[in-house]
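Breakdown of the fold
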2 protein chains.
Amino acid sequence: MISVVLLGAGNVATHLFKAFNKAIEVSVNQWYSRNLKPLESYKNLVNITDDLTKLQDADLYILAVSDDAVSDISSQLPFENRLVVHTSGSVSMYDIDKKHKRGVFYPLQTFSKDADVDFSQVPLCIEALNNKEDRPILKKLAKAIGSQPHKVNSDQRAALHVAAVFVNNFTNQIYRIAHEITESQGAEFDLLKPLIKETARKLDDLSPFMAQTGPAKRNDKKTLKKHIKALEDQHHKAIYELLTKSIQKTHGSLIRRVNNSNKNN
Amino acid sequence: MISVVLLGAGNVATHLFKAFNKAIEVSVNQWYSRNLKPLESYKNLVNITDDLTKLQDADLYILAVSDDAVSDISSQLPFENRLVVHTSGSVSMYDIDKKHKRGVFYPLQTFSKDADVDFSQVPLCIEALNNKEDRPILKKLAKAIGSQPHKVNSDQRAALHVAAVFVNNFTNQIYRIAHEITESQGAEFDLLKPLIKETARKLDDLSPFMAQTGPAKRNDKKTLKKHIKALEDQHHKAIYELLTKSIQKTHGSLIRRVNNSNKNN
Ligand SMILES: NC(=O)c1ccc[n+]([C@@H]2O[C@H](COP(=O)([O-])OP(=O)(O)OC[C@H]3O[C@@H](n4cnc5c(N)ncnc54)[C@H](OP(=O)(O)O)[C@@H]3O)[C@@H](O)[C@H]2O)c1
Ligand SMILES: NC(=O)c1ccc[n+]([C@@H]2O[C@H](COP(=O)([O-])OP(=O)(O)OC[C@H]3O[C@@H](n4cnc5c(N)ncnc54)[C@H](OP(=O)(O)O)[C@@H]3O)[C@@H](O)[C@H]2O)c1
């Protein structure tokens, strides 16, 4: 049995609470939030508090609070030498006050308050200053909620966090632009959804490098020109041009090879 | 029963043949390719030919050939006044020789030769010069292979084709960059796959506008700076900056509103 005190009442804290509450091997001893309102509906399930000085004993304390608050709250905790972890992709483990045993429990997924979370689809990036004693606790906790734990150091976590912005926020913005393009001609964005899913699914079989196709990779100048001309929004054009260049940079030697062999024909 | 003559032996032609061959209401009378080699293994299932002058009768002729070849082949066909369609997202219906009844049968999906295709996940964009007589044939053909037919005019199809480049090629390049970023720090790209899938899946519930989250939308300057600094590749930086700007343009009034309300606090 692992005992936990959870701090914060946002997206991550709420989904972690629900998962911990269901897990047989985890007991949530207490849930802290500076503002008790969002915890009210859970008060029959768990001891709730808005007073840091009244925190109870536990195997670990999880700071699921805004990135900027991690350092502050960790130094306000009225004890030392206990395991304290944060859940952030971009905050250093060393932002946690050094009076504690420190660690990170970063769920690499996007959470929204309303949607249910299937923790089997949430890789847990785990780091601990003390590998021998503390990491096994974090690993066990991840497994208890059905997640796959991964040992990830701070540099790797920072890289994963930036990469997550690309595959989540930037990909979503690409979807948004596709939505604008289709709408501008009265076409249905929904028709693109199977292609969107297949583009993601393909990574089960192929690396993104191997999966690439299309006019940019083929250096199909006629289609590239046609597309640039068809895009009415300057901003869409700029993104089309930069990402086309990016694809050609990635597959550059290939394009040169194809062009040379065309010349030789 | 719809009878078809298929022309071309590439990705699209091959997957269409397999689907038609399985469909009870479709008979493939003949399969043409200028080069018979790729058709050899199908010759027990269908009449194959490399001679355009020997094409048999059918309800429709499907030109599943390279975009550039559509116009040429259509004018070489040794008959007139029959229904001839191409399968391209970017070629005009009017590129088909005007001696024919013309149409388009554009499958909005990415095909590769090896991977099986589930046509229930392939929206079929249908256009016909003659709405009354020809469009119903194309509609019936799409349904016969389990696809959803959609009436799409040329402008809409052009928009869908550009938008498809965004959600398929550009999204895939975003995945590639995420792969480069994680690899550069020895982190595992695979950890991002559940997030990639969830980003696509979320569109079942929310528009891309509503689904957006992250530092660009929040205008979280500290994290944005940290990310830009962490990106070593100039090219990755340029894409980070342009897509961040793009998100802020889309959610601009929101960001201004939040900043103003912060100022008022
Ligand atoms: N959302 C995701 O998809 C996601 C994914 C992976 C990791 N993370 C990380 O998980 C952590 C929490 O994220 P979240 O999405 O759950 O954030 P959130 O929904 O914005 O919730 C933040 C929580 O922190 C509390 N808080 C902020 N400043 C505080 C302070 N000075 N003292 C006490 N409490 C404070 C907030 O309390 P109030 O409500 O009173 O302001 C709120 O309960 C962050 O480190 C984030 O980077 C998030
Ligand atoms: N691949 C996709 O994901 C996809 C999706 C939707 C729509 N489409 C459209 O479907 C069509 C076919 O695409 P594909 O991916 O199947 O292409 P592909 O795999 O490159 O095959 C093209 C076929 O066209 C033949 N061809 C080219 N020029 C010819 C000519 N002058 N005379 C006779 N045959 C010729 C080729 O024959 P050889 O082998 O002898 O060169 C080959 O059989 C294109 O209009 C494309 O835009 C493709």
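Keep in mind it's a predicted model, so treat the numbers as computed, not measured.

**Details of the relation of the copies chain B and chain A**
The transformation that overlays chain B on chain A combines an axial shift of 0.0 Å with a rotation of 180°, and the residual RMSD is 0.0 Å. Taken together, the rotation and translation describe the operation of a two-fold axis. Taking the C-alpha atom as reference, chain B places B:Thr171 closest to the rotation axis, 2.8 Å from it. Mapped onto chain A, 100% of the interface residues of chain B are again interface residues, and the two copies thus contact each other with one and the same surface.

**What about the interface of chain B and chain A?**
Contacts between chain B and chain A engage 83 residues on the former and 83 residues on the latter. It is B:Phe166, B:Val167 and B:Leu191 in chain B that bury the most area against chain A; as a group they hold 9% of the surface buried on that side. Applying the counting rule to chain B against chain A returns four salt bridges. A salt bridge links B:Lys197 to A:Asp204, with the nearest nitrogen and oxygen atoms 3.0 Å apart. For the pair chain B and chain A, the interface holds 30 residue pairs in polar contact (both at pLDDT 80 or more). Of all elements in the fold, only α4 (154-184), α5 (193-201), α6 (208-211), α8 (221-230) and α9 (234-250) of chain B reach the threshold of two or more residues within the side of chain B that touches chain A. With 26 residues, the top contributor of residues to the side of chain B that touches chain A is α4(B). Here the side of chain B that touches chain A is composed, by residue class, of 39 nonpolar, 29 polar and 15 charged.

**Digging into the nonpolar core**
A:Phe166, A:Leu192, B:Phe166 and B:Leu192 are the most contacted members of the largest nonpolar core, which totals 74 residues. Apart from residues lying up to four places away in sequence, A:Leu192 is in contact with A:Ala178, A:Thr182, B:Leu108, B:Leu160, B:Ala163, B:Ala164 and B:Val167. Within the second largest apolar cluster, 34 residues are counted, among which are B:Ala13, B:Ala23, B:Phe111 and B:Leu138.

**Here's the deal with the site of ligand 2**
All names here are of chain B. Taken together, 20 residues lie near ligand 2, and Ala9, Val12, Arg34, Asp67 and Thr87 sit nearest. Alanine 9 is positioned with one of its backbone polar atoms (N or O) 2.8 Å from an oxygen atom of ligand 2. Summarising the interface, the protein chains cover 71% of the accessible area of ligand 2, which totals 910 Å² for the free molecule. Taken together, the elements giving at least two residues each to the shell around ligand 2 come down to α1 (11-22) and β6 (101-107). In terms of residue class, the shell around ligand 2 is made up of nine nonpolar, nine polar and two charged.

**Observations regarding the sheet that holds strand β6 (residues 101-107) of chain A**
Residues and elements named next belong to chain A. The strand order across the open sheet built from eight strands is β3-β2-β1-β4-β5-β6-β7-β8, with neighbouring strands paired in mixed fashion. For this open sheet the edge positions go to β3 (48-49) and β8 (149-151), each flanked by a neighbour on one side alone. As judged from the four bridges shared by strand β1 (residues 2-7) and strand β4 (residues 60-63), these two strands associate in the parallel manner. Its bridge partner lying in β4, valine 5 is registered against tyrosine 61.

Rules and cut-offs
Residues numbered from 1 in each chain as written. Chains lettered and ligands numbered in written order. Predicted model: local features only at pLDDT ≥ 70, side-chain atom pairs only at ≥ 80, totals over all residues. Heavy atoms only, no water. Least-squares fit on C-alpha atoms with pLDDT ≥ 70 in both. Contact = heavy atoms within 4.5 Å. Buried area = accessible area lost by both parts, 1.4 Å probe. Salt bridge = Lys/Arg side-chain N within 4 Å of Asp/Glu carboxyl O. Polar contact = N/O pair within 3.5 Å; in protein donor to acceptor, adjacent residues only side chain to side chain. Helix = DSSP H or I, 4+ residues; strand = E, 2+ residues; numbered from the N terminus. Nonpolar A, V, L, I, M, F, W, Y, C, P; charged D, E, K, R; others polar. Core = buried A, V, L, I, M, F, W, Y, C linked by side-chain atoms within 4.5 Å. Buried < 20%, exposed > 50% of the residue type's maximum accessible area, 1.4 Å probe, protein only. Near = heavy atom within 4 Å. Areas by Shrake-Rupley, 256 points an atom, 1.4 Å probe, with all protein chains shown as cover. Pairing = 2+ DSSP bridges.

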